[in-house]
Amino acid sequence: MTAPLASLDDFVPPAKPATRRSHQAQVRWGSRVVTVGGGAPVRVQAMTNTDTVDAIGTAIQVKELAIAGSEMVRITVNTPEAAQAVPFIREQLDRMGIDVPLIGDFHYNGHRLLTDHPACAEALSKYRINPGNVGKGEKHDRQFAMMVEAAARYDKAVRIGVNWGSLDQELLTQMMDDNAKLAEPFEPQQVMYRAIITSAVQSARKAEQIGLRPEQIILSCKMSGVQDLISVYRALALRCDYALHLGLTEAGMGTKGTVASSTALAVLLQVGIGDTIRVSLTPQPGEARTQEVVVALEILQSLGLRAFNPSVTACPGCGRTTSTTFQELAKQIDDYLRAQMPVWKARYPGVETMKVAVMGCIVNGPGESKHADIGISLPGTGEAPAAPVFIDGEKALTLRGDNIAAEFHALVERYIHRRFGAATTAHPTETV
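Residues numbered from 1 in each chain as written. Predicted model: local features only at pLDDT ≥ 70, side-chain atom pairs only at ≥ 80, totals over all residues. Heavy atoms only, no water.

1. Remarks on the overall build of the protein chain
The condition that has to hold: Helical segments are the DSSP runs of H or I of at least four residues, strand segments are the runs of E of at least two, and each set is numbered from the N terminus. Partly exposed residues are those whose accessible area sits between 20% and 50% of the maximum for their type, while under 20% is buried and over 50% is exposed, using a 1.4 Å probe and protein chains only. Accessible surface is estimated by sampling points in the Shrake-Rupley manner with a 1.4 Å probe; for residues, cover comes only from the protein chains shown. A positive count includes Lys and Arg, and a negative count includes Asp and Glu. His and the chain ends are not counted in either. Throughout, a charge is located at the NZ atom of Lys, the CZ atom of Arg, the CG atom of Asp or the CD atom of Glu.
When you go through the protein chain residue by residue, the secondary structure sums to 13 helices and 17 strands. Its C-alpha atoms give the protein chain principal-axis dimensions of roughly 80 × 60 × 40 Å. With 432 residues in all, the protein chain has 48% of them scored as buried. When the accessible surface of the protein chain is split by element, carbon and sulfur atoms take 53% of a total near 20,500 Å². Here the protein chain carries 43 positive and 45 negative side-chain charges, and the mean point of each set is 2 Å from the other.

So, in structure tokens, the structure goes:
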């Protein structure tokens, strides 16, 4: 017999991600303002892998990433030719009606490119500066200052992005030497963590001294190991109140990259650390660049931080479901919902919160379907060829015959139109 609950205290409250207050950065382009931090939703960004000199090809990939859900897109700016192409990329995007902000990724020569190509500096909405790759010795501070001055001149946001693979070696060497002099030296890994954080925070302070406002600055300290990333960002969040960008660098490809990124980002986001994220996946042969955006969206939606697409609950299948009908229907519905979202976001506000269930037999099928907004419980092996459909928790009808998939598809469309069609469409220039 189950013991009775002693009090309401015996109930476990649902877990919710914590919140962290930070400066609210604003990434602007035209009438569009993407807010980052300060209580704004966690933002998703991605990066192109095209040759930036190919302005048309790059603009097309930016468009694909934006349609997939990336709210900012980073492009490589590594040569004078690439810098010259940036205004044309911006122009092409504007012609296509894609107002996603562009981020310029600079290493080694960013100070010169931003100075020599003012049209590039103006067309970008944000600059990514790596303190480890802005110059050595006496050149470091001067060239870093030139990039920050450009951001201040054009009122642009800046991400100061430290990467463990390109950490400022002069700073690391000095800190290692200082550590060696201690009576009880810290482990080298701990010193590296401290050097990464110090590089980011000190660079941000210098940027403020040069002329940037705190709300123009976003920090990142990227690592390639899950535990390394978690350790560094926990410490970084205690050291500053700048908006933070999360990302596991060189995460890898396929399942490995997806799992590693999801694990690291979820742990940090759950405790309120992270204001914008990127999932750095190495595309598998033939895989779309947009896959990294899909994974980022799924991370945020799975944590309950944001809703982007209607969720489809489907059972994994077992000996009761030797038929592939429910698998095919689940994929059809999921693919259809994702494909329609660019249009539905404007036409049916709130549709991204909808829950659909496609279940394979009578064990969990009816229960899961009742909990969804609209769900279907398909017949399993040996069950009667009938599929009850539940709408808003109540059994609405039963589908039979060979056309169950098409009929359910039509029911989903009608449900969306009925429930979300009357909602007021958001103004197209609304701040997001």
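2. A short note on the packing of aromatic side chains
Aromatic ring pairs are described here by two measures, namely the spacing of the ring centres and the angle between the planes. As a reminder, the rule being used: Note on ring pairs: Phe, Tyr and Trp rings are taken, using the six-membered ring of Trp, and paired if centres are within 6.5 Å. Classes follow the plane angle, with under 30 degrees stacked, over 60 edge-to-face and the rest tilted.
With the rule as written, the count across this model stands at three aromatic pairs. Between Tyr336 and Trp344, the ring centres sit 5.6 Å apart and the planes meet at 75°, which makes this aromatic pair edge-to-face. Judged by its relative accessible area of 5%, Trp344 is buried. Where Trp344 meets Tyr348, the ring centres are 6.2 Å apart and the plane angle is 70°; that geometry is what we call edge-to-face. Note on Tyr348: relative accessible area 10%, which makes it buried.

3. Remarks on the side chain of Ser369
Put simply, the test is: Polar contact is the term for a pair of N or O atoms within 3.5 Å; when the atoms are in protein, one must be able to donate a hydrogen and the other to accept it, and sequence-neighboring residues count only if both atoms are side-chain atoms. In this description, contact between two residues means that some pair of their heavy atoms is separated by no more than 4.5 Å.
Locating Ser369 in the fold gives a position in helix H12 (residues 365-371). With a relative accessible area of 0%, Ser369 lands in the buried category. Reaching out from Ser369, the side chain makes a polar contact with the backbone oxygen of Gly365 at a distance of 2.8 Å. Leave out the neighbours within four places in its chain, and Ser369 touches Ala357, Met359, Gly375, Ile376, Ser377 and Phe390.

4. Re unusual backbone geometry
Not every positive phi belongs to a glycine, and Asp155 is a case in point at roughly 55°. In this structure, Asp155 sits in the loop between helix H5 (138-154) and strand E7 (157-163). According to the relative accessible area criterion, Asp155 is partly exposed, its value standing at 40%. Located in the positive-phi region is Asp392, a residue other than glycine, with phi close to 55°.

5. A short note on the packing of helix H11 (residues 325-347) against helix H13 (residues 404-420)
The criterion, for reference: Lines fitted to the C-alpha atoms define the axes, with helices restricted to the stretch that makes contact. Angles between their N-to-C directions range from 0 to 180 degrees. Orientation categories follow fixed angle ranges, with anything under 35 degrees roughly parallel, anything over 145 roughly antiparallel, 65 to 115 roughly perpendicular, and all other angles oblique. Helix crossings fall into two classes, left-handed where the near helix is turned counterclockwise from the far one by less than a right angle and right-handed where it is turned clockwise. Ten residues, namely Ala, Val, Leu, Ile, Met, Phe, Trp, Tyr, Cys and Pro, are considered nonpolar, four, namely Asp, Glu, Lys and Arg, are considered charged, and the remaining ones, Gly among them, are considered polar.
Contact geometry of H11 with H13 gives a least axis separation of 12 Å together with a crossing angle of 25°. Viewed along their axes, H11 and H13 adopt a mutual orientation that is roughly parallel. Seen along the crossing, H11 lies across H13 with a hand that is right-handed. For the pair formed by H11 and H13, the contact residues are Leu329, Gln332, Ile333, Tyr336, Leu337, Trp344 and Arg347 on the first element and Ala405, Phe408, His409, Val412, Glu413, Ile416 and Phe420 on the second. When the residues that make up the contact of H11 with H13 are grouped by side-chain class, the tally is ten nonpolar, two polar and two charged.

6. With respect to the nonpolar core
Selection rule: As used in this record, nonpolar core signifies buried Ala, Val, Leu, Ile, Met, Phe, Trp, Tyr and Cys residues forming a set joined through side-chain atoms within 4.5 Å.
Counting 84 residues, the largest nonpolar core has Tyr127, Leu219, Tyr233, Leu236, Leu265 and Ile277 as its most contacted members. If one sorts the elements of this core by residue count, helix H7 (residues 188-210) sits on top with ten residues. Setting aside residues up to four positions removed in sequence, Tyr127 forms contacts with Gly104, Phe106, Leu114, Ala121, Met147, Ala150, Ala151, Tyr154, Lys156, Ala157, Val158 and Arg159. In terms of nonpolar packing, the next biggest core, distinct from the first, is built from 30 residues, Met341, Met359, Phe408 and Ile416 among them.

7. So, the environment of Gly319
By the element assignment, Gly319 lies in the loop between strand E13 (311-314) and H11. Placed 150 residues apart in sequence, Gly319 and Gln169 show a C-alpha to C-alpha distance of 58 Å.

8. A closer look at the packing of H7 against helix H8 (residues 226-239)
The geometry of H7 relative to H8 is characterised by a closest axis approach of 10 Å and an angle of 45° between their N-to-C directions. When the axis of H7 is compared with that of H8, the two are oblique. When the axes of H7 and H8 are compared, the crossing they make is right-handed. Of the residues in H8, those in contact with Gln189, Tyr193, Ile196, Ile197, Thr198, Val201 and Arg205 of H7 are Gln227, Asp228, Ser231, Val232, Ala235, Leu236 and Arg239. Among the residues forming the contact of H7 with H8, the class breakdown is seven nonpolar, four polar and three charged.

9. Side note on the sheet that holds strand E11 (residues 276-277)
Basically, it comes down to this: Two strands qualify as a pair provided that DSSP identifies no fewer than 2 bridges between them.
The eight strands lie next to each other as E3-E4-E5-E6-E7-E8-E9-E11, forming a closed barrel whose pairing is parallel. In this sheet, strand E9 (residues 243-246) lies alongside strand E8 (residues 217-222) in parallel orientation, the contact comprising two bridges. Within the sheet, the bridge partner assigned to Ile218 lies in E9 and is Ala243. Contacts from H5 reach strand E5 (102-106), strand E6 (126-129) and E7, with the element oriented near 165° to E6. Where H8 meets the sheet, its contacts fall on E8 and E9, and the angle it forms with E8 comes to roughly 150°.

10. Regarding the environment of Gln270
If you trace the backbone, Gln270 turns up in helix H9 (residues 254-270). Look at Gln270 and you get partly exposed, because its relative accessible area is 27%. Sequence spacing of Gln270 and Ala18 is 252 residues, and the spatial spacing of their C-alpha atoms is 6.0 Å. Residue contacts for Gln270: discarding those within four places in its chain leaves Ala15, Lys16, Pro17, Ala18 and Leu303. Looking at Gln270, its side chain comes within polar contact range of the main-chain oxygen of Lys16, at 3.5 Å.

11. Here's the deal with the layout of surface pockets
For the record, the criterion: With a 1 Å grid laid over protein atoms only, a set of points is called a cavity when a 1.4 Å probe fits there but cannot get out and a pocket when it is open yet has protein on both sides within 12 Å along at least five of seven lines; lining residues have an atom within 4 Å of a point. Grid points are joined across faces, edges and corners, and a volume is the space filled by probe spheres set on the points.
Taken as a whole, the second largest pocket holds about 290 Å³ of empty space. Lining the second largest pocket are 16 residues, with Ala18, Thr19, Ala40, Val42 and Leu305 sitting closest to its centre.

12. Regarding the side chain of Asp168
The test is simple: Salt bridge, as used here: a side-chain nitrogen of Lys or Arg that lies within 4 Å of a carboxyl oxygen of Asp or Glu.
Relative to the elements of secondary structure, Asp168 occurs in the loop between E7 and helix H6 (169-180). There is no salt bridge for the buried Asp168, and the closest opposite charge comes from Lys136, which lies 6.5 Å off by N-O distance. Polar side-chain contacts of Asp168 include one of 3.0 Å to the backbone nitrogen of Glu170. In terms of polar contacts, Asp168 uses its side chain to reach the backbone amide nitrogen of Leu171, at 3.3 Å. Setting aside residues no more than four positions away along its own chain, Asp168 makes contact with Pro131, Gly132 and His140.

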